[in-house]
Amino acid sequence: MSLEQDELLSAFVMESSENLSDIESDLLALETADSDLDPELVNRVFRTVHSMKGTANFIGLKVINELAHESENVLNLIRSDELSPTPAVVEALLASCDQLKAMVDDIENSNSVDVSALVANLKSCISGEAAPGATSAEDDEGVDVDMPNGTLVFLDVRQGDITCRISAGMNVFIVEVDLVVDVDEKGSNPVEFLRGFYKIAELIESYVDTAGLGELHEPLPEGIGLKILAGTKLDSEGFSAALGVPQERVHLIGTPEDNPWTVASPTPAVSAPPANSGAVADAAPRAKSEAASGQKPSKAKSSAPVRRESTVRVNVEILDHLMNLAGELVLARNQLLQMKDQTSERDIGGVSARVDQVTSELQDAIMQTRMQEVGSVFNKFPRVVRDLVKKLGKQCELEVIGQHVELDKTIIEAIGDPLTHLVRNSVDHGLEMPDVRTAAGKDPCGKVCLKAFHQGGKINISISDDGAGISAAKLKQKAVSKGLMSEEKATELTDQEAINLIFHPGFSTAEQVSDVSGRGVGMDVVRTNILNLGGTVEVETELGSGSTVLIKLPLTLAIMPSLIVRVGRSSFAVPQTNINEIIRIMSDDVAERIKRVHDAEVLQLRGELMPIIRLSDALGVDSFYESKDGAEASTDRRHDLADRREGEEHEEHPPREDVARRECNTSNALSVVIVESAGHRYGVVVDSVDDPQEIVVKPLGRHLRGIECLAGATVLGDGSIALILDVTGIASKCQLRVPSRDTDTGGAVSTADDRESQSLLIFTNHPEEKFALPASFITRIERVTKDQIDSVGGQFILQYRGKSLPLITIEDHISARAPEPTDPVNVVVFSAAGRECGVIVPRLVDIRDVDAEVDAETLKEPGIIGSIVVENDAIRIIGLLELAHILKPDWFEEKKQHAVKRGHDIKILLAEDSSFFRSQMTKVLESEGFAITGCEDGLIAWNTLLRRETEFDLVVTDIEMPNMNGLELTRKIKTDPEFKHLPVIAVTSLARDEDIASGRAAGVDDYQVKMDRAKLIASIRKIIGDCVSVA
Amino acid sequence: MNQETTASKECIVRPEGPITAARCEEFRQELQDKVDEGFVEIAVNLEAVDFIDSRGLSVFVVCHKTLSKKKKGKIRVFNASDDLKKLFQIMSLDGQFVVE
């Protein structure tokens, strides 16, 4: 063929492929259109086929021409209303459409295809309708017609009268109308009703039901019940509305799609149609998808697949944009070339920034051209489901969501077959037959939902059905009977493991292997295909309710910004989206910032304790550190990061109490990357942090796929390989529990219930006496040598960072035994009344969350807030502020002066049911100079307000309280005309999003988490508008 | 259906004007009288009737019921306008049997 003809041919192929997939959806719409048939729909199809015929003729594609010609004839008659688009006719057209598609796909062999059967079919559509309906013996049979509930209504109706209406595309209804109630009393009359009826329907049979009526000599009846058997093109809703009869009395008993009389059984007694006895069946599978973009048609089913040109449709705007960017890049490059000679650093910076930016934009735009909407794959499924449902005698509604989600072209092409298999599976194996469904109390029409959406950085496609679910037990049985495993092994399997057996090759639990799906080659091939795309597939199911198959696909070929980190000799990439921040801890600070809590290492970060893991541990890679002089790098075998001893091998695990004994020797700083994903937030310790880089994500090789810590791999600029870390995977591997959002109280371990827990630092003064300090009060823990402490006027002072820090020795203020003097000394530094103060804590034991009840009575004395029992030890909790107050009362006086506003003290109403917290908060706030009135619960607080003895400036309230909780209190305050100006701060340990939302809904002005002192005070000040800063 | 009427058993009634809820009591009485007189078949001449509402129709219906109980009698109509004819057809009172 000449070059021109080649071009013509490929243009024809391309255009026809698109047109044919459009036709298919139009034809499906035609079938379900009923009386509101859009004439434009038919015209469109007609025109398409017509032009296809013309071009085919011109090029010499004879067979295509012939088939198109016959189809065109049929369409023409439909267009002029001479032929009704009954299901049979539409079926014939769809079959032709399929064949045309096949021929277009295999254009070179199209002329040798035999389409005689299809042509004959199309021809018979025309002649079949035109010929007067010849009555057969069947037609004259009398049939009984029941209502959906089985009541016999019409006896011995001529079958032909009914079937002819159905073949004409009408629905058949039984209407129960009461002439008095439904007609006269609505202002109409019987004659008018009839006129209306005949406009929209045909009468098959009718009568007045005299059963309940009286006789002539009795008073006239209140209603006349008329039963009508009618045929109409309207549906239930439309018919009922047009007649003015409520839908409950309009019963659909036969439609063209579900014709109970097609199985032309001669015995009239068979009034019940096969699948349902007169059930109201909306059988047509309606695909609720929005207009699909329909870019690429499905693959040809011809036996000799021809390599078609691979093309993509691109929006012209994107192309213009690309041209622009290319132009910009050229300009910038020219600038750069010129600048080669004049090396002025500043200028180069600007131009290279420009080149950088344009290149990025160009990259994005080009990637966009490869992205296609997933709808192009989804849009073939309505047809698939329709055909399947017909074949199997089931009823199904297909819902398609997310057609506009975009995927790379290669994935779109590859995902079609697996999806088809899964959808067919759902309909075939998942959905039950309508009668089984009804018996189970379900809607006889099953639902299959095909959904595409973004989540977790991946594209998710789910296929779910509300069918029978998958039986784990059955699968186990099957596995044993197929010899895939022994019976013992099978019983050991968990349900989920059993469900996953469906992915095993050679597995099919269908009773008969239908040719529709499942010759045992199905699911494992699906899975392999998806794995090859770098995706995952899982199945979830619930017996009786249905199943969902979830496919997750990476945005392969996506370019991902990431941070490169190094551990040992390897480089790893951390996805930018997961990175919160990067911290470098100087070696001096390591000891105090990194602690052990419950056998895990944690990092102290801005008042928060965050779990950390060593990447080397998580991945099993040797970590390096350089020795002090940097001379050699050797494997880091330290057990604790905080252990700064160099070079030795330690066999034993240093006991916790000896945290104090660590020595700071090396000058290694620690690099910690704080990452976050799916609720886990933690730090990853790496040897070093390199530059951020944009990388191309490649899927891992098969042998590495199972590793949950890794999400992929990439090649770096220098040619080496960096593995991409899966932040969620690492968290689960290291068994980091998902912490509650409420981490400000300093707890690394979450408490699931909402008992209020406190984070306490536990230490011993004298070895046998344990004390605790609320961790939230602690600013720092210092280790100082004895010579840094002076004794001035009977008081210990620490020379600390150029200031003198007063030190408290516990035994001087409360009843405690004096400890053995130690050197060095641990000092807990905290702030009180805006100044810093220290407490000597001889031996640190632990930091932990304690949610035991605080006993505020038993061991009470000044300086002790309360006591708790932990592991059979009674531990007294020290009130730091109280001690500070005892030591330095003048500080607090000064503070009070500062807090005066508008000539009077700021008065705060505090509602808190725990006496422990109440006294703590009172002390904290009083030390800031506020006047506090404390109340045990919301009701008391409210009554206090009502008494109006004090004019409060602010309310601070807990949420969980008896009698009246904080939310109710807030609402009362905010809706009361006298008090609604009062600002309310909620202070609570409940800090989930929903709690915060309900707080705000109640009218809370600020929401603070217990017990972040600094934040609470800041919030109070901010609200009051106090400009005096904390000293 | 063939109509077998014996002069004594069938009578003819010719109401005039619309048979509506307001006026149907009169009509009912008229029919009742005929039944009491022993007639088994009643033919109603509707040439002077232009409109029947549902209440009016109910008279025909109960009359039919009464008559058909006694010796298979019935009520029929003739000279009805097209509209009324259709109405009676749909009520199956133009000669066909009703399913009880």
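What counts and what doesn't
- Residues numbered from 1 in each chain as written.
- Chains lettered and ligands numbered in written order.
- Predicted model: local features only at pLDDT ≥ 70, side-chain atom pairs only at ≥ 80, totals over all residues.
- Helix = DSSP H or I, 4+ residues; strand = E, 2+ residues; numbered from the N terminus.
- Buried ≥ 20, exposed ≤ 12 C-beta atoms within 10 Å, placed from the backbone.
- Contact = placed C-beta atoms within 7 Å.
- Pairing = 2+ DSSP bridges.
- Axes fitted to C-alpha atoms, helices over the stretch in contact; angles between N-to-C directions.
- Nonpolar A, V, L, I, M, F, W, Y, C, P; charged D, E, K, R; others polar.
- Core = buried A, V, L, I, M, F, W, Y, C linked by C-beta atoms within 7 Å.
- Parallel < 35°, antiparallel > 145°, perpendicular 65-115°, else oblique.
- Left-handed = near helix turned anticlockwise from the far one by under 90°.

A. Spotlight on the overall build of chain A. Of regular secondary structure, chain A possesses 30 helices and 42 strands. Per-residue burial over chain A gives 38% buried out of 1031 residues. For chain A, the share of sequence-separated contacts (at least 6 apart) that also reach a separation of at least 24 residues comes to 67%.

B. Quick peek at the overall build of chain B. Along the backbone of chain B there are three helices and three strands. Shown N-terminal to C-terminal, the secondary structure of chain B runs as helices and strands in the order β-α-β-α-β-α. For chain B, the residues scored as buried account for 40% of the 100 residues in total.

C. Molecular detail of the sheet that holds strand E2 (residues 41–45) of chain B. All names here are of chain B. If you walk across this open sheet you meet the three strands as E1-E2-E3, and the pairing is parallel. Looking at which strands have only one partner, the edges of the open sheet turn out to be strand E1 (10–13) and strand E3 (74–78). This sheet shows a mean twist of 20° between the axes of neighbouring strands, independent of strand direction. As defined by bridge partners, E1 adjoins E2 across four bridges and the pair is classed as parallel. Residue pairing for E2: Ile12 is matched across the bridge by Ala43. Helix-sheet contacts for helix H1 (residues 24–36) involve E1 and E2, and the interaxial angle to E1 is about 165°.

D. Focus on the interface of chain A and chain B. Contacts between the two partners involve 24 residues from chain A, matched on the other side by 25 residues from chain B. Elements represented by at least two residues in the side of chain A that touches chain B include exactly helix H8 (179–183), helix H9 (190–200) and strand E4 (201–208) of chain A. Looking at the side of chain A that touches chain B, the element that brings in the most residues is E4 of chain A, giving four residues. By residue class, the composition of the side of chain A that touches chain B is 17 nonpolar, five polar and two charged.

E. Representation of the pairing of strand E2 (residues 152–158) of chain A within the structure. Residue and element names in this part refer to chain A. Two strands pair when backbone bridges link them, and strand E1 (residues 142–146) and E2 are joined in this way by four bridges, in the antiparallel orientation. Opposite Gly142, over in E2, you have Arg158 as the bridge partner. Connecting the antiparallel pair E1 and E2 is a turn made up of five residues, with Gly150 showing a positive phi of about 100°.

F. Quick peek at the nonpolar core. Grouped together as the largest cluster of nonpolar side chains are 72 residues, with contacts concentrated most on Leu761, Ala772, Leu773, Ile877, Ile878 and Leu880 of chain A. When residues in this core are grouped by element, the largest group, five residues, is from strand E33 (residues 825–832) of chain A. Ranked by size, the runner-up nonpolar core spans 60 residues in total, among them Val172 and Ile224 of chain A together with Val77 and Phe88 of chain B.

G. Region of interest: unusual backbone geometry. Although it is not a glycine, Asn963 of chain A sits at a positive phi angle of roughly 65°. Structurally, Asn963 of chain A can be placed in the loop between strand E40 (954–957) and helix H28 (966–975). Phi angles above zero are rare outside glycine, and Asn79 of chain B is one such case at about 60°. Along the polypeptide, Asn79 of chain B turns up in the loop between E3 and helix H3 (82–90). Taking the number of C-beta atoms within 10 Å as the measure of exposure, Asn79 of chain B has 14 and is therefore partly exposed.

H. Examining the packing of helix H27 (residues 938–947) of chain A against H28 of chain A more closely. Residues and elements named next belong to chain A. H28 packs onto H27 with a crossing angle of 20° between their chain directions and a minimal axis gap of 9 Å. In terms of axis orientation, H27 runs roughly parallel to H28. For the pair H27 and H28, the crossing hand works out as right-handed. Between H27, through Gly938, Ala941 and Trp942, and H28, the contact on the second element is made entirely by Gly966, Glu968, Leu969 and Lys972.

I. Just the sheet that holds strand E36 (residues 864–870) of chain A, in detail. Residues and elements named next belong to chain A. Pairing within the open sheet is mixed, and its five strands lie in the order E35-E27-E28-E37-E36. If you trace the sheet from one side to the other, it starts and ends with strand E35 (843–850) and E36, each paired once. Taking the axes of each pair of neighbouring strands and ignoring which way they run, one obtains an average angle of 30° across the sheet. Direction of pairing for strand E27 (residues 758–764) relative to E35: antiparallel, over a ladder of seven bridges. The partner of Leu760 across the bridge, within E35, is Arg848.

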